[in-house]
Amino acid sequence: MNRIFEHKHIIIGGDNLNSLSIIRSLGEKGIRPIAIIIAENHIPQVRKSKYIQRYIKTSSEEESLNVLLSYADVSCPPFVYTSDDNHQSMLDLHYDQLANKFYFFNAGQAGRINHYMDKENLCQLAHECGFRVPKREVVDLGVLPKQITYPVITKTINSYSAGWKRDVGIYYSGSELSEAYKEMISKRLLLQEYITKKNELEVHGFSINGGEEVYLSYYSLYYRFTETTFGGYKYYKPLVDEVVAEKIKKMIRKVRYTGNFEVEFLVDQGDELVFLEINFRFPLSNYACTYGGANMPYLWAQSTIQSKIVYPESVKDFFSFKNEAIDFSQTIGRKKMSLTKWIRETIHTDCLLIYNRHDIKPFIGYWLGKVKRIVKKRL
């Protein structure tokens, strides 16, 4: 019997498409995970999946942690998969309670992942490992930059801060930035030089044994995007650039990280990669790798049990992927494409995030929920 089925598999995160993607990846391998889920302001997705063994709704990260601890097992540790920074931060801080009782994403000691979730610390590490990083400056809210010139892009210090989406913006002068500060909620911000991007590139991977062994599967580039956000339509290819791969592996070793991750880069007008961040968790588009043949949750679990990297049998050389929700908003919502053209393009996309013919109820529920919200707003 495959030893992986002797262990429990637990998703801990929000009720969103990221968690759903992990569930589907495991489900397609015959694993029905337990889902410890915080209800969010998203249209519910997780509970509708046919692959769920048990759905446990919580109201806070702390409650989720307590539920998770009830599954602690030293003799047969459950695998824990995180889908957001808030839960990953929490698990990292409670490392000592979880160690030896679970297989979870960690850096070998409490607080170490949180240290590298700080974008300033992470950019310093990236620079040490040979990547180009944007010029930057950490400031208190309301303070104008003294070391970098305009235009600047504002970001929160880490991705679990309350304003991590709201406080992102591009500003071309001190007066613009001062005015924007009045609407921001973060107490401290990272100001970075604004680099006109040609594209954005993401690399997917996982590591075991404290980062000593790393597998990098795919990289992706976007067909379209906005100035400040990722797009919803892109393509994937296997990562074959050994120079980039070795720099990423060096970073993961220095963090001493075990788990799944995603590395994000900006591609400048000269096609040079500029490091942005590492997400020490599954990214939203993690199911795309599964479609391509690299089922990252399953491969990480197998590699953990065998204490060596287990590689996929084969992977696709190229495929397109679309997050229908984001791409619909950025094209149809902004009147950049006709609905007919969008539907035709979507039909011909190789892999979709929400639609899955093997697990159809989340797709139906999502679009019915969209229609209900639109109707409610108009009433």
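Conventions used here
- Residues numbered from 1 in each chain as written.
- Predicted model: local features only at pLDDT ≥ 70, side-chain atom pairs only at ≥ 80, totals over all residues.
- Heavy atoms only, no water.
- Phe/Tyr/Trp six-rings, centres within 6.5 Å; stacked < 30°, edge-to-face > 60°.
- Helix = DSSP H or I, 4+ residues; strand = E, 2+ residues; numbered from the N terminus.
- Buried < 20%, exposed > 50% of the residue type's maximum accessible area, 1.4 Å probe, protein only.
- Core = buried A, V, L, I, M, F, W, Y, C linked by side-chain atoms within 4.5 Å.
- Contact = heavy atoms within 4.5 Å.
- Pairing = 2+ DSSP bridges.
- Axes fitted to C-alpha atoms, helices over the stretch in contact; angles between N-to-C directions.
- Parallel < 35°, antiparallel > 145°, perpendicular 65-115°, else oblique.
- Left-handed = near helix turned anticlockwise from the far one by under 90°.
- Nonpolar A, V, L, I, M, F, W, Y, C, P; charged D, E, K, R; others polar.
- Disulfide = S-S within 2.5 Å.

Asks: Can you break down the packing of aromatic side chains residue by residue, with the values?
Replies: Following the criterion strictly, the structure yields 26 aromatic pairs and no others. Judged by centre distance (6.1 Å) and plane angle (20°), the ring pair of Phe131 and Phe275 falls under stacked. With a gap of 144 residues between them, Phe131 in the loop between helix H6 (119–128) and strand E5 (136–140) and Phe275 in strand E13 (residues 273–279) connect regions that are remote in the sequence. Residue Phe275 is classed as buried on the basis of its relative accessible area of 0%. For the ring pair Tyr215 and Tyr311, a centre distance of 5.5 Å and an interplane angle of 85° mean the geometry is edge-to-face.

Asks: Explain the nonpolar core residue by residue, including any values.
Replies: A general tendency of soluble globular proteins is for nonpolar side chains to be buried together. Of all hydrophobic cores here, the largest spans 76 residues; its most connected members are Ile248 and Phe275. The residues touching Phe275, leaving out its near neighbours within four places in the chain, are Leu122, Cys123, Ala126, Phe131, Arg132, Val133, Pro134, Met251, Val263, Glu264 and Phe265. Among the nonpolar cores identified, the runner-up in size contains 17 residues, and Ile12, Val67, Leu68 and Leu98 belong to it.

Asks: With reference to specific residues and values, describe the sheet that holds strand E15 (residues 351–352).
Replies: Pairing within the open sheet is mixed, and its 7 strands lie in the order E13-E12-E9-E10-E11-E14-E15. The open sheet has two edge strands, E13 and E15, and neither has a second partner. Sheet topology note: the strand E10 (residues 213–224)/strand E11 (residues 233–238) ladder contains 6 bridges and is antiparallel. Across the sheet, the residue bridging to Tyr222 is Lys234, located in E11.

Asks: Please give an account of the packing of helix H11 (residues 324–331) against helix H12 (residues 339–347) that cites residues and values.
Replies: Packed helices, taken two at a time, are described by their axes: the angle between them and the distance between them. The N-to-C vectors of H11 and H12 enclose an angle of 155°; their axes lie 11 Å apart at closest approach. Taken as axis vectors, H11 and H12 run roughly antiparallel relative to one another. Both H11 and H12 take part in a crossing whose hand is right-handed. Every residue of H12 that contacts H11 at Glu324, Asp327, Phe328 and Thr331 is listed here: Leu339, Trp342, Glu345 and Thr346. Here the contact of H11 with H12 is composed, by residue class, of 3 nonpolar, 2 polar and 3 charged.

Asks: So what about the state of the cysteines? Which residues, and what values?
Replies: What we call a disulfide is simply a covalent bond connecting the sulfur atoms of a pair of cysteines. Considering all chains together, one arrives at 0 disulfides under this definition. We note that Cys123 lacks a disulfide partner, and the nearest cysteine sulfur, in Cys129, lies 12 Å from it. Considering cysteine sulfurs only, Cys289 is the nearest to Cys351, which forms no disulfide, with 9.6 Å between them.

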